[in-house]
Protein chains: 2
Amino acid sequence: MEEIKRVEPRTLSGFMELLPQDQIKFNEIMNVIRQTYELYGFLPQETPIIEASEVLLAKAGGETEKQIYSFTKGDTDLSLRFDLTVPLAKYVAKNYNELTFPYRRYQIGKVFRGERAQKGRYREFYQCDIDIIGDDKLSIINDAEIPSIIYTIFKKLNFGKFVIKINNRKILNGLFDELEISDKMKEILIIIDKLEKIGMDAVKEELVKIGVAEDKIQKIENFFNITGTTDEKIEKLRKLNFSSQIFNEGLAELEEVIKYVRLFKVEEDYFKIDLTIARGLDYYTGTVYETNLVGYESIGSVCSGGRYENLAEYYTKKKLPGVGISIGLTRLFYNLKELGLLSENTAKSISKVDIVTMGVGLENAVEISNSLRENGIKAEIYKEDTKIKNKFSYANNLEIPYMIIIGEDELAQGKYTLKNMTTGEQELKKKEEIIEILK
Amino acid sequence: MEEIKRVEPRTLSGFMELLPQDQIKFNEIMNVIRQTYELYGFLPQETPIIEASEVLLAKAGGETEKQIYSFTKGDTDLSLRFDLTVPLAKYVAKNYNELTFPYRRYQIGKVFRGERAQKGRYREFYQCDIDIIGDDKLSIINDAEIPSIIYTIFKKLNFGKFVIKINNRKILNGLFDELEISDKMKEILIIIDKLEKIGMDAVKEELVKIGVAEDKIQKIENFFNITGTTDEKIEKLRKLNFSSQIFNEGLAELEEVIKYVRLFKVEEDYFKIDLTIARGLDYYTGTVYETNLVGYESIGSVCSGGRYENLAEYYTKKKLPGVGISIGLTRLFYNLKELGLLSENTAKSISKVDIVTMGVGLENAVEISNSLRENGIKAEIYKEDTKIKNKFSYANNLEIPYMIIIGEDELAQGKYTLKNMTTGEQELKKKEEIIEILK
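All values derive from a computational prediction rather than experimental measurement.

So, how was this worked out
Residues numbered from 1 in each chain as written. Chains lettered and ligands numbered in written order. Predicted model: local features only at pLDDT ≥ 70, side-chain atom pairs only at ≥ 80, totals over all residues. Helix = DSSP H or I, 4+ residues; strand = E, 2+ residues; numbered from the N terminus. Contact = placed C-beta atoms within 7 Å. Core = buried A, V, L, I, M, F, W, Y, C linked by C-beta atoms within 7 Å. Buried ≥ 20, exposed ≤ 12 C-beta atoms within 10 Å, placed from the backbone. Least-squares fit on C-alpha atoms with pLDDT ≥ 70 in both. Nonpolar A, V, L, I, M, F, W, Y, C, P; charged D, E, K, R; others polar. Pairing = 2+ DSSP bridges. Axes fitted to C-alpha atoms, helices over the stretch in contact; angles between N-to-C directions. pLDDT = per-residue confidence, 0-100.

Asker: How should I be thinking about the environment of isoleucine 299 of chain B in this particular structure?
Answerer: All names here are of chain B. Note on placement: isoleucine 299 falls in the loop between β9 (284-293) and β10 (304-308). Considering only alpha carbons, one finds isoleucine 299 and glycine 120, 179 residues apart in sequence, at a separation of 9.6 Å. Those residues within four positions of isoleucine 299 in sequence are excluded, and the remaining contacts are Leu293 and Asn335.

So, in structure tokens, the structure goes:
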């Protein structure tokens, strides 16, 4: 036989590859997200991972563009998608005449960014997005439905307490409009975005540096110091008596969103108004969201998004406003595992039952496996000819909850031994009884 | 506002991107495949799309290597996976000590091949693979379980009659061993593989060309002319009385596989022995499978695979035999759509019901939507402020099966109008009644 040159089997850093038990957990989380998106009637969408660079980079620039995986094949410049929003914009512009608006879609898929490798940062990672796209306009009530979706997902996932933070960019914009410092708005928002990290004093210092007058900084501070319950915050915002139109528009929208978030039965202590949230991206124009796991704020927002005025302006003249969110599943999973928050109660194996024979033919195992599967019970047969010890350690290692053992005694009585692998109990049962138990 | 330079929103040829109703169908097929793999207890696996070129191309060569998407990022040569088997080999070699054998896994994911673009050929496409990997050895009964999985999937998918064709490479190899033309085996197998396409006469001509003696060609023809029922074919193979050890090993394996395929309750006319199947790839060493949709043989095999001696020899010294299959879902979906075989009976929308209001507040819609979703009913609210005609055409266009209509009359009576969009019937119902109907 010819000599084989072997290569070290490795996986690149920044790429997640899980062992089976973790993969089962990962898929469970993804299923909760998908099922919830579908519970709200979102349509599935799937766009290619590879797109023409010209299309994918129509808007991109700066930091994002540097991170994109691009290459040439034949005479075409190709790129791997770096988010699911640009492909959505392309899709909606391309299929405008075929779609029914509001177009409500979810897409769950991998995106790619050649970021510098560091702990918890991935170059290939899942995003789980929903967006609602209107044709020319889109009711503000859609912005209230989004938190109810986030609420349903994270309640089901049961990682503990979380808070959905809601704000409206028009309120922020309105503040600067009111203070007549709109020209500095972008810079100021970038500074405000750091408030939670660096604190108010450091923020004020930075504001001075970019030339904001002392009296205006005081008003900015007063604004961001607004505290209290959700209703108190709204009351205080109203009492500012700002004349800025954009401010009052934003406040009215926020009130409407809060009203409907409550109607959607999001519990009062699972959401709050947070006037500091701006979301870095410049395309958010109204409602914005972030979600924190309480006690684990350092991992950052686990679900963010917002309202934008115009999804696809780089592809079409049609005005397509929308609202959406994204869950960065790969990073979330990494953090949950690091923090020990992955539930121990979830299944550790796919099979509910492992069927083994002892000194009798495998045909007996096949027969009952057929019946189990016909009843929807996930079952496998241990088929290797080996010591009974090995057969048991297979089921033990994989943490399969039940074993069915078939030997001569069992065959003689027309029954099977059913062993509960958690309690260790085992009992002779008829096939029908076993099906009832495992169903 | 600054002038925006617009780009034509296009999707590259060779990349599948579906409209919502087709995507729903596509996902349904994928779910049947996934659910069946899980019904047999296969563990989920997910490997990265991007791998180090050195790892991915440890074995590859020839035609495949030319099709691979490779590129450099920083100082690393990267490649997109072109199948799910090489990543499986890497994974098993890498995680050998963490895995429990036989390791039974499924992976459903996209793979990439820069093939020349032509109708029905995709550059980015789904493969849905299962493999069972043994540590040093693997029982032949696993080879019989595979056809039962194929059978369960295609029965559920209900595209019509199909046939799983089963052969054993050792029988073929044994034939050439017996005729003492093993040195020409590879060439001959490539010619035999074309039998169905070009017919026996053309095959014989090609065999003459490569120098096979007339008497041996006759014996080859006799062999491939073996007909009859499955049992008759086995009988005729036995009656050849070949002394080749490899031939007799293959025949014994085939008999055992057939025996267990029947025990797994695969219906007799859904499988057959087909002695012409060789499967081009050189790594199959035992049982091989192909699956045809009866009447649509021209689209080729829709599910193929087989037994191999050594999965990961390019990564490890461990001997890891396995058996597996792959369904090329993207191509299958394309063909089913072209042939008009996609069932009309599947859901055309995700939502079961669309809730609209007429002249009353949306809070009434939110209230019942909460109750529906708490009962697991997929529901959406039409939230836009527009003419009732538009509200109805939304539900019509998306073919949502039911509408709930809420107006002043309904509120006065504490009821809702439930409209069946297929029959057009509508009736006033209490919330609890509606939940019962839609559940």
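On we go from here.
Asker: How do you make sense of the nonpolar core when you look at a structure like this?
Answerer: Buried together is how nonpolar side chains tend to be arranged in soluble globular proteins. The biggest cluster of nonpolar side chains holds 250 residues, and the ones touching the most others in it are Val92 and Ile404 of chain A together with Val92 and Ile404 of chain B. For isoleucine 404 of chain B, the residues in contact, after removing those within four places along its chain, are Val353, Ile355, Ile368, Tyr416, Thr417, Leu418 and Ile434 of chain B.

Asker: Honestly, the relation of the copies chain B and chain A in this entry has me stumped. Any pointers?
Answerer: Between the two copies of this chain, the relationship is a rotation about some axis together with a displacement along it. Overlaying chain B on chain A yields an RMSD of 0.0 Å, the required transformation being a rotation through 180 degrees with an accompanying axial translation of 0.0 Å. Such values leave the two copies arranged in the relation of a two-fold axis. It is phenylalanine 71 of chain B whose C-alpha, among those of chain B, lies nearest the rotation axis, at 3.0 Å. With an isologous cut-off of 70% or more, the 100% of interface residues of chain B that recur at the interface of chain A puts this contact in the isologous class.

Asker: Hey, could you run me through the interface of chain B and chain A in this one?
Answerer: Many authors give the size of an interface as the accessible area that is lost as the parts come together. Contact residues are listed per partner, giving 74 residues for chain B and 74 residues for chain A. Examining the composition of the side of chain B that touches chain A, we find that six residues originate from one element, helix α1 (residues 20-39) of chain B, more than from any other. A class-by-class count of the residues in the side of chain B that touches chain A yields 37 nonpolar, 14 polar and 23 charged.

Asker: Just to check I follow, could you spell out the sheet that holds strand β1 (residues 43-44) of chain B for this structure?
Answerer: Strands pair in a sheet through their backbones, by hydrogen bonds, and they do so in one of two ways: parallel or antiparallel. Residue and element names in this part refer to chain B. Strand order in the open sheet formed by eight strands is β1-β5-β6-β11-β10-β9-β7-β8, with mixed pairing between adjacent strands. Lying at the two open borders of the sheet, with one neighbouring strand each, are β1 and β8 (271-273). Sheet topology places strand β7 (residues 162-168) next to β8; three bridges connect them, and they run parallel. Bridging from a neighbouring strand, lysine 165 pairs with lysine 272 of β8. The strands touched by helix α6 (residues 169-178) are β7 and β9; relative to β9, the strand with the most contacts, the crossing angle is about 120 degrees.

Asker: For this particular structure, what's the right way to read unusual backbone geometry?
Answerer: Glycine aside, residues mostly have negative phi, and peptide bonds are mostly found in the trans state. In this structure, the amide linkage connecting phenylalanine 101 of chain A to the following residue, proline 102 of chain A, adopts the cis form with an omega of -5 degrees. Here proline 102 of chain A lies in the loop between α4 (85-94) and β5 (103-112). Despite not being glycine, asparagine 241 of chain A has its phi angle at roughly 55 degrees, a positive value. Assignment of secondary structure puts asparagine 241 of chain A in the loop between α10 (230-239) and α11 (245-263). The class for asparagine 241 of chain A is exposed, based on 8 C-beta atoms found within 10 Å. If you check the backbone angles, aspartate 136 of chain B has positive phi at about 80 degrees while not being a glycine.

Asker: I keep staring at the sheet that holds strand β3 (residues 70-73) of chain B and nothing clicks. Help me out?
Answerer: Residues and elements named next belong to chain B. Taking strand neighbours across the sheet as the criterion, the three strands line up as β2-β4-β3 in an open arrangement whose pairing is antiparallel. With one partner strand each, in any of the chains shown, β2 (50-52) and β3 form the two edges of the open sheet. In this sheet, neighbouring strand axes are inclined to one another by 40 degrees on average, regardless of whether the strands run parallel or antiparallel. Relative to strand β4 (residues 76-80), β2 runs antiparallel, the two being bridged by three bridges. Residue pairing for β4: glutamate 51 is matched across the bridge by serine 79.

Asker: Looking at this structure, how should I read the confidence of the model for chain A?
Answerer: The predicted coordinates ought not to be read in detail in places where the model reports low pLDDT. Overall, the predicted model of chain A reaches an average pLDDT of 94, with 98% of residues at or above 70. Interface confidence for the predicted complex, expressed as ipTM, amounts to 0.95; the pTM equals 0.96.

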